[in-house]
Amino acid sequence: MDYIKIYNEIGAKDIAEVGAKNVSLCEMYANLSPKGIAVPRGFVVTASAYRHFLHYNELTWPLSLLMKDLDRINYHNLTDIGRQARALILSGRLANDIGMAIIASYESVFNHTGLGVAVRSTAIAEDAPEADFAGLHDSYLNIKGNYALLHAIKQCYASLYSDRAIRYREDKGYDHNKIFLSAGIQEMVPADIDNSFEFTE
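What you are looking at is a predicted structure, and each value in this text was computed from that prediction instead of being measured.

Student: For this particular structure, what's the right way to read the packing of helix α4 (residues 78-91) against helix α6 (residues 146-158)?
Tutor: Axes are the key here: two packed helices are described by the angle between their axes and the distance separating the axes. Where α4 contacts α6, the two axes come as close as 9 Å, and the packing angle between them is 150 degrees. Put simply, α4 runs roughly antiparallel to α6. Like other packed secondary-structure pairs, α4 and α6 cross with a definite hand, here right-handed. Counted together, Arg86, Ile89 and Leu90 of α4 and Lys154, Gln155, Tyr157 and Ala158 of α6 form the full contact between these two elements.

Below is the structure:
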């Protein structure tokens, strides 16, 4: 099972594991970097890693029970349900093999430099991996260090159960148990550095 994919390994065939946003970023990296365009490098923690996280921490059933109790008439308990769901996820931990794979990729892709990275959420629908969940889930900027990176990934997982994300899925008829999340880890580019280049065919 692939829990980690480096940008140059990803193509359209991987949309169900990394989501449409990450596929677009990776295709940009693959197509433009050889032409001298400075596209930030990165890697993706796949939807399989999220599914493993749920299984490893035995969270699928408790989350299902919470969603079953959601008031779907006037949503009076939405805030409480969302808070409990996020707490469940944040109480879990990444399995050692996945955590070590993430750290190894972080160190190798960014050459052990400790660069700040963006940790970007991409939600994926099991039955429609190209579905648009833009702006619903959290992303984190300028994350540095192994512990901070692993925690930011868990925070991205928890954002699947923000009040807004829960309500959106309810309104659109998505099954909460069939929405997964991948996390794109991408180099931060300081705004005060001159990244100009000359492009030639």
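Student: I keep staring at the pattern of salt bridges and nothing clicks. Help me out?
Tutor: When charged atoms on two side chains of opposite charge get close, those side chains can pair. This structure, assessed with the given rule, holds 9 salt bridges. Of the charged contacts, one joins lysine 5 and aspartate 2 as a salt bridge, the two residues approaching to 3.3 Å between their closest N and O atoms. A relative accessible area of 46% means that aspartate 2 is categorised as partly exposed. With a shortest N-O distance of 3.5 Å, arginine 86 and aspartate 163 are connected by a salt bridge. Taken together, the residues arginine 86 in helix α4 and aspartate 163 in helix α7 (residues 163-172) connect sequence positions 77 residues apart. Each of Asp2, Lys5, Lys13 and Asp14 takes part in one network of salt bridges that share partners.

Student: Would you explain the environment of leucine 150 in this entry?
Tutor: If you trace the backbone, leucine 150 turns up in helix α6. Classification of leucine 150 as partly exposed rests on a relative accessible area of 21%. Between the alpha carbons of leucine 150 and isoleucine 98 there is a distance of 10.0 Å; along the sequence they are 52 residues apart. Excluding anything up to four places from it in sequence, leucine 150 contacts Leu94, Gly99, Ile102 and Ile103.

Student: Would you take a moment to explain unusual backbone geometry for this structure?
Tutor: Peptide bonds are, in most cases, trans, and in most cases residues other than glycine have a negative phi. In this structure, glutamate 58 is a non-glycine residue whose phi angle is positive, near 50 degrees. The topology assignment puts glutamate 58 in the loop between α2 (47-56) and α3 (60-68). Despite not being glycine, asparagine 142 has its phi angle at roughly 55 degrees, a positive value. Positionally, asparagine 142 belongs in strand β4 (residues 139-143). A relative accessible area of 46% places asparagine 142 in the partly exposed class.

Cut-offs used in this document
- Residues numbered from 1 in each chain as written.
- Predicted model: local features only at pLDDT ≥ 70, side-chain atom pairs only at ≥ 80, totals over all residues.
- Heavy atoms only, no water.
- Axes fitted to C-alpha atoms, helices over the stretch in contact; angles between N-to-C directions.
- Helix = DSSP H or I, 4+ residues; strand = E, 2+ residues; numbered from the N terminus.
- Parallel < 35°, antiparallel > 145°, perpendicular 65-115°, else oblique.
- Left-handed = near helix turned anticlockwise from the far one by under 90°.
- Contact = heavy atoms within 4.5 Å.
- Salt bridge = Lys/Arg side-chain N within 4 Å of Asp/Glu carboxyl O.
- Buried < 20%, exposed > 50% of the residue type's maximum accessible area, 1.4 Å probe, protein only.

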